[in-house]
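Summary of the model geometry
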Amino acid sequence: MKLGIIYAGQGSQVVGMGKSFYPCEIFDQNEDLKELCFNGPLEKLSYTPYTQPCMVMVATIITDLLKEHGIVPDYTAGLSLGEYSALYCAGVFERKQVIDLARFRGKVMQEAVSGIESEMIAVLGMKEELLQDLCHQASSLGVVSISNYNCPGQLVVAGEKKAVEKVKELALENKARRVIALNTSGPFHTSLLKEASLALKERFKKETFHEMKIPVIFNTLGHEIEDQSIPEILEKQVMSPVYFEKSIRYMIDQGVDTIIEVGPGKVLSGFVRKIDRSIQLYQIEDMESLKKTVKALKGE
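I will try to describe carefully the structure that is included in this document. As the structure is a prediction and not an experimental result, all values here were calculated from the model. (Residues numbered from 1 in each chain as written. Predicted model: local features only at pLDDT ≥ 70, side-chain atom pairs only at ≥ 80, totals over all residues. Heavy atoms only, no water.)

Turning to the sheet that holds strand S3 (residues 118-124), a few remarks are in order. What the four strands build is an open sheet, ordered S4-S5-S3-S6; its pairing is antiparallel. Here the strands that pair on one side only, and so sit at the sheet edges, are strand S4 (144-151) and strand S6 (178-181). Pairs of neighbouring strands in the sheet enclose a mean axial angle of 25 degrees, with direction left out of account. Sheet topology places S3 next to strand S5 (residues 154-160); seven bridges connect them, and they run antiparallel. Paired with Glu119 across the bridge in S5 is Gly159. (Pairing = 2+ DSSP bridges. Helix = DSSP H or I, 4+ residues; strand = E, 2+ residues; numbered from the N terminus. Axes fitted to C-alpha atoms, helices over the stretch in contact; angles between N-to-C directions.)

Pasting the structure below:
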């Protein structure tokens, strides 16, 4: 068995997440996040500056519990925000550090898009080249581009609302199977996040990046790091497309045959199934699913 761990991103948050792992010291050290995770309300939990540290905090708890059971991946990756949890798993960040960075990232991303009327949509059943062309046609109305390459048949478009609405109209005219509005608070992974990228660049100058102990497959590359530094990649990440399908295919090409999704829900598992149905999938979001997964992986 070759194991990959993938971490859910923003949008997967649910009220009650992490509660089954309590008591746990990290919750008591972050009382504001604990209250939001356990009791919501969902509207506040879904606000970017809160969502990001809450998701990362719960992911670090699950990662540490897996390590206590001797379960360490051969490769790791995360969807957007999930990449920070993957870097924690790989030993690049310490726990307090990664939660603080997620707080900062959420804050500067929200500030960067404040006042911009924006939208993100998932476009199902349309070829990448055609959708890129539709984005180009709509770009006279504002910034718009493909922000996520999730899996075969699912692409995400983000940008300024008028331009995204035009892409939606054109996509349906061009026989897209379906277009779904996404519940996000900004046009993430587009050039509109440039200010957030610059703020992260300054922040990273003060941070210590430890040596990577496990290979991380990065969103903006779809493979492992080559001649870039981790800070450079993370700066670029907030305003660049997420190549999730390419990342999973790379993981599989390295021999990974078993993948654990960490985080609420099974969004990423759904993407992986569409990429390669032969992968053995597990998902961990609470103590029950953690115990079930550990038992299965240890053959008990």
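That covers the picture; the talk isn't over yet.
This part takes up the sheet that holds strand S8 (residues 280-284). Pairing within the open sheet is parallel, and its four strands lie in the order S2-S1-S7-S8. Looking at the sheet topology across the chains shown, the edges are occupied by strand S2 (75-78) and S8. Ignoring strand direction, the axes of neighbouring strands in this sheet form an average angle of 20 degrees. Pairing geometry for strand S1 (residues 3-7) and strand S7 (residues 258-262), over five bridges, is parallel. When the sheet's bridge partners are listed, Tyr7 is paired in S7 with Val262. Each of S1, S2 and S7 touches helix H11 (residues 244-253); the most contacted strand, S1, lies at about 165 degrees to it. (Contact = heavy atoms within 4.5 Å.)

A contiguous patch of positive charge, built from Lys266, Arg273, Arg277 and Lys292, is present on the exposed surface. Tracing the chain through its elements places Lys266 in the loop between S7 and helix H12 (267-275). Overall, Lys266 belongs to the exposed group, its relative accessible area being 54%. (Patch = residues over 30% accessible without salt bridge, like charges linked within 9 Å, V, L, I, M, F, W, Y side chains within 5 Å. Areas by Shrake-Rupley, 256 points an atom, 1.4 Å probe, with all protein chains shown as cover. Salt bridge = Lys/Arg side-chain N within 4 Å of Asp/Glu carboxyl O. Lys, Arg positive; Asp, Glu negative; His and termini not counted. Charge placed at Lys NZ, Arg CZ, Asp CG, Glu CD. Buried < 20%, exposed > 50% of the residue type's maximum accessible area, 1.4 Å probe, protein only.)

Before going further, it helps to spend a moment on the environment of Phe218. Considering the arrangement of structural elements, one finds Phe218 in the loop between helix H9 (194-204) and helix H10 (230-237). Along the backbone, Phe218 and Asp74 are 144 residues apart, and their C-alpha atoms lie at a distance of 15 Å.

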